[in-house]
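# Structural overview
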Amino acid sequence: MTRKQSLDTFAVTAMVVLCSLWALQQIAIKAIIPEVPPFWQSAIRSIGATIVIAGWFRQAGLKWTPGLFWSGLLVGTLFSVEFGLLYLSLGYTDAARAALLLYTAPFVVAIGAHFLMPGERLSLAGWIGIVIAFVGTGLVLQASVSVDSSKFLGDACALAAGILWGLTTLAIRRSGLAQAPASQTLLYQLAVSGVLLTAAAIVFEGALPVPHSLLAWSSLAYQTVVVAALSFLAWFALIARYSATKLSVFTFLTPLLAALAGILLLKERIDAHHIIALVCIVAGIIVVNIYGHSRTSAETS
């Protein structure tokens, strides 16, 4: 496949669609928590997506890279805790707030890469972008502390999920998984999380409740097939053809779209703190992705 140096209309359109799908995931999770508890939702998502990705992996004739079990177990465990915390957070806080705090992950990756990966040092603009984003994060947490302790718990869980997402990305890039097929890495994450999250669901939430509404079944299907399986396969296909750095700029759309979806679909209310925080974090994502690295780093990406 010919690798393209710039994004064309197809790539831009695809990224807008993917960001929309990822934004709606938080809405889909929160909407059915009264019917399907968070750990069971995340477990069902992981198990179902494992089956879909494993079938695709075999059908595509991809070769399994051996010798990566322990790395796969590590990233799978980090992934499990990340999604367990994300789903748990949505029982306490708004979907828009959770999405916003989750997208602190790119800043964790940028900071970690600065110290751990030669050629990926942050520029002055990159550090400024990170400071701006962390100001936004602080505004979200400060607002929830002053309003509702349970909302603060949800926000803290979402922030922890974002940090773990960043650490998972760094663990992948620092291990042999960076050279394995991306779908193999995803399979490790989904399979391990399927086991660990099911165990957590049994311990903390009891027996699996049988969903009885069309909304619950639709949400579970959306989370499992559309988001966890198909959207990530599409993402892998895009980064095989286009620059991952240029594609990542579009991640700023996800918290924006999640906020809009929360207002329209869940009737969530956004105050001035949240708007300012949203602007700060979105600005930080854009600055870090476009101007965040030194020239030598940018030339090697």
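Each value, and the rule that gives it
- Residues numbered from 1 in each chain as written.
- Predicted model: local features only at pLDDT ≥ 70, side-chain atom pairs only at ≥ 80, totals over all residues.
- Heavy atoms only, no water.
- Helix = DSSP H or I, 4+ residues; strand = E, 2+ residues; numbered from the N terminus.
- Rg over C-alpha atoms; globule rule 2.2 N^0.38 Å.
- Buried < 20%, exposed > 50% of the residue type's maximum accessible area, 1.4 Å probe, protein only.
- Contact = heavy atoms within 4.5 Å.
- Areas by Shrake-Rupley, 256 points an atom, 1.4 Å probe, with all protein chains shown as cover.
- Lys, Arg positive; Asp, Glu negative; His and termini not counted.
- Charge placed at Lys NZ, Arg CZ, Asp CG, Glu CD.
- 1 Å grid on protein atoms, 1.4 Å probe; cavity = no way out; pocket = protein on both sides within 12 Å on 5 of 7 lines; lining within 4 Å.
- Points joined across faces, edges and corners; volume = space filled by probe spheres on them.
- Axes fitted to C-alpha atoms, helices over the stretch in contact; angles between N-to-C directions.
- Parallel < 35°, antiparallel > 145°, perpendicular 65-115°, else oblique.
- Nonpolar A, V, L, I, M, F, W, Y, C, P; charged D, E, K, R; others polar.
- Salt bridge = Lys/Arg side-chain N within 4 Å of Asp/Glu carboxyl O.
- Core = buried A, V, L, I, M, F, W, Y, C linked by side-chain atoms within 4.5 Å.
- Phe/Tyr/Trp six-rings, centres within 6.5 Å; stacked < 30°, edge-to-face > 60°.
- Polar contact = N/O pair within 3.5 Å; in protein donor to acceptor, adjacent residues only side chain to side chain.

The next subject is the overall build of the protein. Assigned secondary structure in the protein consists of 13 helices and 0 strands. Each helix and strand of the protein, placed in order from N terminus to C terminus, yields the pattern α-α-α-α-α-α-α-α-α-α-α-α-α. Taking 301 residues into account, the globule formula puts the C-alpha radius of gyration at 19 Å, and the protein, at 19 Å, falls close to it. Expressed as a percentage of the 301 residues in the protein, the buried residues total 50%. Long-range contacts, defined as pairs at least 24 residues apart, comprise 87% of the intrachain contacts of the protein with a sequence gap of at least 6. For the protein, the computed accessible surface area is about 13900 Å², with 72% contributed by carbon and sulfur atoms. Across the protein, the mean location of the 16 positive side-chain charges is 12 Å away from that of the 11 negative side-chain charges.

This part takes up the layout of surface pockets. Approximately 150 Å³ is the volume found for the second largest pocket. Lining the second largest pocket are 12 residues, and of these D94, R97, K151, R269 and D271 sit closest to its centre. Listed by contribution, the elements that provide at least two residues to the lining of the second largest pocket are α4 (95-102) and α6 (124-147).

Let us now look at the packing of α4 against helix α11 (residues 253-266). The geometry of α4 relative to α11 is characterised by a closest axis approach of 8 Å and an angle of 170 degrees between their N-to-C directions. It follows that α4 is roughly antiparallel to α11 by the angle criterion. In this structure, α4 uses A95, A96, A99 and L100 to contact α11, whose residues at the interface are P255, A258, A259 and L266. The residue inventory of the contact of α4 with α11, partitioned by class, reads 8 nonpolar, no polar and no charged.

Side-chain pairs of opposite charge can arise whenever the charged atoms involved come near each other. The final tally for this structure, using the stated rule, is 3 salt bridges. In this structure, R173 and E120 form a salt bridge, with 2.3 Å as the shortest nitrogen-oxygen distance. Of this pair, R173 sits in helix α7 (residues 149-173) while E120 sits in the loop between α5 (105-116) and α6, and the two are 53 residues apart along the sequence.

Below, the discussion takes up the nonpolar core. Judged by nonpolar contacts, the single largest core of 68 residues is most densely connected at M15, W22, I53, F107 and L238. Looking at this core element by element, the count peaks at 9 residues for helix α1 (residues 9-31). Non-local contacts of M15, meaning those with residues more than four positions away in its chain, are made with W22, W235, L238, L247 and F250. Residues W40, A43, A216 and L220 belong to the second largest nonpolar core, which totals 10 residues.

The subject of this paragraph is the packing of aromatic side chains. Enumeration according to the criterion identifies 11 aromatic pairs in this entry. Arranged with centres 5.9 Å apart and planes meeting at 20 degrees, the rings of W22 and F232 form a pair that is stacked. Of this pair, W22 sits in helix α1 while F232 is found in helix α9 (residues 214-241), placing the two residues 210 residues apart along the sequence. Where F69 meets W70, the ring centres are 5.0 Å apart and the plane angle is 80 degrees; that geometry is what we call edge-to-face. Taken together, W22, F232 and W235 form an aromatic cluster joined through their ring pairs.

Let us look at the environment of P181. For P181, the location among the structural elements is in the loop between α7 and α8 (182-205). Overall, the relative accessible area of 23% leaves P181 in the partly exposed class. Taking C-alpha positions, P181 is 7.8 Å from L62, a pair spaced 119 residues apart along the chain. Discounting residues that sit within four places of it in the chain, P181 has contacts with F57, K63 and T65.

We now examine unusual backbone geometry. Although it is not a glycine, K267 sits at a positive phi angle of roughly 60 degrees. For K267, the position within the fold is in the loop between α11 and α12 (272-291).

Let us look at the side chain of D155. Along the chain, D155 falls in helix α7. Accessibility expressed as a relative area gives 0% for D155, which makes it buried. Reaching out from D155, the side chain makes a polar contact with the side chain of R97 at a distance of 2.6 Å.

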